[in-house]
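What the coordinates show
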Amino acid sequence: EVPAVMILHGADEMDQDTIEAWIQITHDKISDEAEEIIVGDEGEGLVVTVQINYQEAVFERRKLLKHHTSIGSERANRQQRRNLGKFESSSLKIDFTTTIENIIGDDDDWNPNEVVAAGFQTQAQQREYIDSLKTSDDSASFEGVQSMTMEGDGIL
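Below or above, wherever it landed, is the structure these notes cover. Here the structure is a predicted model, which is why all the values come from computation and not from measurement. Residue numbering note: each chain is counted from 1, following its sequence as written. Under the rules for a predicted model, residues below a pLDDT of 70 receive no local features and side-chain atom pairs below 80 are neither given nor counted, while totals for whole chains, interfaces and linings still include all residues. Where side-chain values are given, they derive from all heavy atoms of the structure, hydrogens and water being excluded.

Another point: the nonpolar core. Take the buried residues of types Ala, Val, Leu, Ile, Met, Phe, Trp, Tyr and Cys, join any two whose side-chain atoms come within 4.5 Å, and each joined set is a nonpolar core. Per-residue accessibility, obtained with a 1.4 Å probe over protein chains only, is compared with the maximum for each type, and a residue is labelled buried under 20%, exposed over 50%, and partly exposed between these values. Within the largest apolar cluster, 32 residues are counted, with the highest numbers of intra-cluster contacts made by M6, L8, W22, F96, I100 and Y129. In DSSP terms, a helix is any run of H or I states spanning at least four residues, a strand is any run of E spanning at least two, and both are numbered starting from the N terminus. Listing elements by their share of this core, those giving two or more residues are β1 (2-9), α1 (16-39), β2 (46-63), β3 (86-102), α3 (112-117), α4 (123-134) and β4 (147-151). Looking at this core element by element, the count peaks at 7 residues for α1.

Now the structure itself:
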């Protein structure tokens, strides 16, 4: 079992249909990489399971880079800049577990953490994954996703 956490920056909390879509898309991404790494050209003999442990909306406070000026008292200007200088954005934290079983092979010369992370390491891989989420039938929760981060036992 490989525990992992994925954060989708800009995503909304998922309902049951969306959870199922996320599981399927994530499963397919991990399975494709696992087959390539573990069994190579044979492409068969793996059982990959993805299970969500929990999801949690995370609100992040960030500073706006834009400088705001207006006419008025210095104190009012400072308060206005302080209020305008922050905003909250939402992200979705998904805690999940992946299990990979090699049912026909006896080659155990692979790291399960690296296999799970393999499909999410480059910006191009992440963009492809996000695009898959956005074009799924249950994509409403993913429309605002701009980026993602993922960690599994210190990998990524």
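Attention now goes to α1. Take the residue count of a helix, subtract one, and multiply by 1.5 Å to get its expected span. Here α1 is 24 residues long and its end C-alpha atoms lie 33 Å apart, about the 34 Å a rise of 1.5 Å per residue gives. Under the rule applied, a polar contact is a pair of N or O atoms within 3.5 Å (in protein, one hydrogen donor and one hydrogen acceptor; residues adjacent in sequence only if both atoms are side-chain atoms). Between a side-chain oxygen at the N-terminus of α1 and the backbone nitrogen of D17 the separation is 3.3 Å; the capping residue is D15. Just past α1, the residue G40 takes up positive phi, approximately 65°.

Moving on to the side chain of E33. With respect to the element layout, E33 can be found in helix α1. Here a residue-residue contact requires only that any non-hydrogen atoms of the pair lie within 4.5 Å. Beyond its immediate stretch of four places on either side in the chain, E33 contacts V115, A118, G119 and Q125.

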